[in-house]
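Descriptive structure summary
As a plain string of letters, each chain reads:
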Number of protein chains: 4
Amino acid sequence: MQNWDAFLWPYEQAVDELKVKFRGLRDGFITEDRHSPIEFVVGRVKTIESIKEKLDRRVIAPELIEQDMQDIAGIRIMSQFVDDIYDVVELIHNRNDMTVIEERDYIRNAKPSGYRSYHMVIEYKVFLPTGEKKILAEIQLRTLSMNFWATVEHSLNYKYNGEFPEKISARLKSTAEAAFQLDEAMSQIKDEVQEAQRFFHKDKGQNKDIE
Amino acid sequence: MQNWDAFLWPYEQAVDELKVKFRGLRDGFITEDRHSPIEFVVGRVKTIESIKEKLDRRVIAPELIEQDMQDIAGIRIMSQFVDDIYDVVELIHNRNDMTVIEERDYIRNAKPSGYRSYHMVIEYKVFLPTGEKKILAEIQLRTLSMNFWATVEHSLNYKYNGEFPEKISARLKSTAEAAFQLDEAMSQIKDEVQEAQRFFHKDKGQNKDIE
Amino acid sequence: MQNWDAFLWPYEQAVDELKVKFRGLRDGFITEDRHSPIEFVVGRVKTIESIKEKLDRRVIAPELIEQDMQDIAGIRIMSQFVDDIYDVVELIHNRNDMTVIEERDYIRNAKPSGYRSYHMVIEYKVFLPTGEKKILAEIQLRTLSMNFWATVEHSLNYKYNGEFPEKISARLKSTAEAAFQLDEAMSQIKDEVQEAQRFFHKDKGQNKDIE
Amino acid sequence: MQNWDAFLWPYEQAVDELKVKFRGLRDGFITEDRHSPIEFVVGRVKTIESIKEKLDRRVIAPELIEQDMQDIAGIRIMSQFVDDIYDVVELIHNRNDMTVIEERDYIRNAKPSGYRSYHMVIEYKVFLPTGEKKILAEIQLRTLSMNFWATVEHSLNYKYNGEFPEKISARLKSTAEAAFQLDEAMSQIKDEVQEAQRFFHKDKGQNKDIE
């Protein structure tokens, strides 16, 4: 790769545009006094080091990077309730400024580690000085609890390279269980909260919470 | 109040400066390859409607607003672990660009509702076109679980004005319990995660997570 | 109009997306070591008061606002050289995520007041919680000198409602003349600067200017 | 230097805080319906390459970088009128969250090249995870015309290393002259514009310009 900056720029542009689009969608729900299935949105572009390391590890020819590596551009969308995630999935399918290429439901089918999330790969068009370019981006959808757990697992996984000492493995599982229980408790109270949020936003300003 | 915009501007300025300062502190820990006790930071200025409503409700004379209403400027700091909160409290005490006026520990002494958070009131100096002005700001410190629960309670509280039907009250309590259990599980695994994060950041770039 | 916030939200969303797209385009040129025809980009949504005042003044039926008022969403793109503006105009015509509806060249045909700018009206699609919506946005393209003058004229115009005392009118014209002369002088030196910028960015980092 | 990221972080933090402070000051003037002497504010931290290059060129011992290199953190403040610059200089002297260490007036005493700007070096305190640290930052104050010219000169200077071919040198001087004339013309109309801005902001919203 001659010029990594020029290679990565379209991915950075895609991440910036997608963040603005999903954050805007959240504001759209709130403006219309509806519960937003999107709580917050973050994004990142894979680092050069990480791309190189993956190329080496998986023996990918450099000219195939762009088809093969689907997560150079990554967006993560956090939701309050598990059901919200499926609402966002549907919103993504229904818009024609991005095309869903692939999706995997690690919520209904959690990974053996306890990892839960919904993954989508989309195709998205950016406009360069030299014209348009289609790129792939990965969208991960999670509740706040799933994200909390995944952050912990990610730190540990990196250190132990997936082979956890038994004590840690046990604690990680009980944390996963606690995160799952919090999602379950939230689901029980979902209808009341959503109803209250509608009520709440109608009078917004009146009692606005810190945000 | 003649000019609410001019009244609120110093508070908006304080919130903007405090957000930059605490977010910067987080980056400082990460740059030094240390676990950051700050996960993310949000802030808001109370709305005019909310200030007026509180003035009416608590019979505060308008000229006493600024001494009496300590949360016109509000900052909320979220942490991964309960122990992190006390580290941030100490960092705030140790810096001389803000002065702690008051603090309440609703973590060790949770409210009857189940609400947990650490509250501080600080004095902070902003520089106006006409010179300096000292203002009060409230800082709320919470884990991600505490925040998750508080958001739910806030929505419901607003609708039911604190007098919950029994069914809702029970569900809210079991959600508070699930949130508390998640914090407990996290505390069990804290040392391993913090150790792993140090390890992780040393090689950062290598395997950078979405953020 | 029942709900102005909900009415204005799609325009705010369009402005946010267009700012990210044009700022990104600027970064694209710089990343490819080329002179960027875009220096900086700002945007705004017309205020409710301003929309109402225009409805009254021009006797527009409220249901026709969206077709009739083409500048509810406004983007302004500033360029270093006059020639850059025409390069940006072409880039806008060449991309298919926005459609040019109308354009006026007040650079080749300055207004009698001395006002110079290139105006385009585009159609742009935003995705709401309820589905997609096409909206109009105005793009104003200017050099930094044109913008400098226009800011001054805008302030004065507002006060005098377009009917300037003779002394002010004379000074405004001599300022317009000075702004035009600066653009002319810049055009003389354009090729050298563009060549130097290519050279400059090749070694960027080496001597990076404040920005 | 072992860890450049950790070395540069306090400077990045200072730049972020100073940008928020000066941008906030601008909003403060506007909120109080007064002409703002600050038009816009940018900032940057010197790149590692640029610091290294300067260390080599000026034979500075690495342990003396921080005292010797006063522009690692750089802030640039742009004003509409020449007089505004001196108002900002006074505001900076009057606030006690930064201390002026040195200042040079290249407006009254332009450099032979035609360069005009007001330079200040300040001492500013940032709070690290390990405690407070005083750092130096350079503030450059300019009108929009001065900045326009300086950008051009900077590009050319970098290519020709200060030794311009005669043709270019002549054009650069005539551009400097045009920039100076625009500032002069602006000064003639200053009182009317400032008066109009006061008038303008009183009714703001009514006719808000793109910004």
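Model, not experiment: these values are computed from the prediction. (Residues numbered from 1 in each chain as written. Chains lettered and ligands numbered in written order. Predicted model: local features only at pLDDT ≥ 70, side-chain atom pairs only at ≥ 80, totals over all residues. Heavy atoms only, no water.)

1. Some words on the relation of the copies chain B and chain D
Put simply, the two copies of the chain differ by a rotation about an axis and a shift along that axis. For the pair chain B and chain D, the superposition axis carries a translation of 0.0 Å, the fit reaches an RMSD of 0.0 Å, and the rotation angle comes to 180°. Taken together, the rotation and translation relating the two chain copies correspond to the operation of a two-fold axis. If distances are taken from each C-alpha of chain B to the rotation axis, the shortest is found for Glu17(B), at 3.3 Å. Most of the interface of chain B is mirrored in chain D: 100% of its interface residues are interface residues there too. (Least-squares fit on C-alpha atoms with pLDDT ≥ 70 in both. Contact = heavy atoms within 4.5 Å.)

2. Points about the UniProt feature "domain: RelA/SpoT" (unreviewed entry) in chain A
According to UniProt, the feature "domain: RelA/SpoT" (unreviewed entry) maps to residues 43–164 of chain A in the numbering used here. Annotated as residues 43–164 of chain A, this span is 37% helix and 34% strand, and its ends, taken at the C-alpha atoms, are 28 Å apart. (UniProt positions renumbered as here; feature names shortened; annotations may be inferred. Helix = DSSP H or I, 4+ residues; strand = E, 2+ residues; numbered from the N terminus.)

3. Things to note about the interface of chain A and chain B
On the side of chain B, 51 residues touch chain A, which itself brings 51 residues to the contact. Buried area between chain A and chain B, summed over both chains or domains, comes out near 5200 Å², and the portion from carbon and sulfur atoms is 68%. Our count for the chain A to chain B interface comes out at two salt bridges. Where Arg171(B) meets Glu192(A), a salt bridge forms, and the shortest distance between an N and an O atom there is 3.5 Å. Taken together, chain A and chain B are joined by four residue pairs in polar contact (both at pLDDT 80 or more). When residues in the side of chain A that touches chain B are grouped by element, the largest group, 21 residues, is from helix α6 (residues 166–202) of chain A. Looking at the side of chain A that touches chain B residue by residue, the classes come out as 20 nonpolar, 18 polar and 13 charged. (Buried area = accessible area lost by both parts, 1.4 Å probe. Salt bridge = Lys/Arg side-chain N within 4 Å of Asp/Glu carboxyl O. Polar contact = N/O pair within 3.5 Å; in protein donor to acceptor, adjacent residues only side chain to side chain. Nonpolar A, V, L, I, M, F, W, Y, C, P; charged D, E, K, R; others polar.)

4. Focus: the sheet that holds strand β5 (residues 131–143) of chain D
All names here are of chain D. Taken in spatial order, the five strands line up as β1-β2-β5-β4-β3 in an open sheet, and their pairing is mixed. With one partner strand each, in any of the chains shown, β1 (40–45) and β3 (99–105) form the two edges of the open sheet. Adjacent strand axes in the sheet meet at a mean angle of 25° when their direction is disregarded. Pairing analysis gives six bridges linking β1 to strand β2 (residues 73–79), with the strands arranged antiparallel. Note that in β2 the partner of Phe40 across the bridge is Met78. Contacts from helix α4 (residues 82–94) reach β2, β3, β4 (118–128) and β5 within the one sheet, and its direction differs from that of β5 by about 165°. (Pairing = 2+ DSSP bridges. Axes fitted to C-alpha atoms, helices over the stretch in contact; angles between N-to-C directions.)

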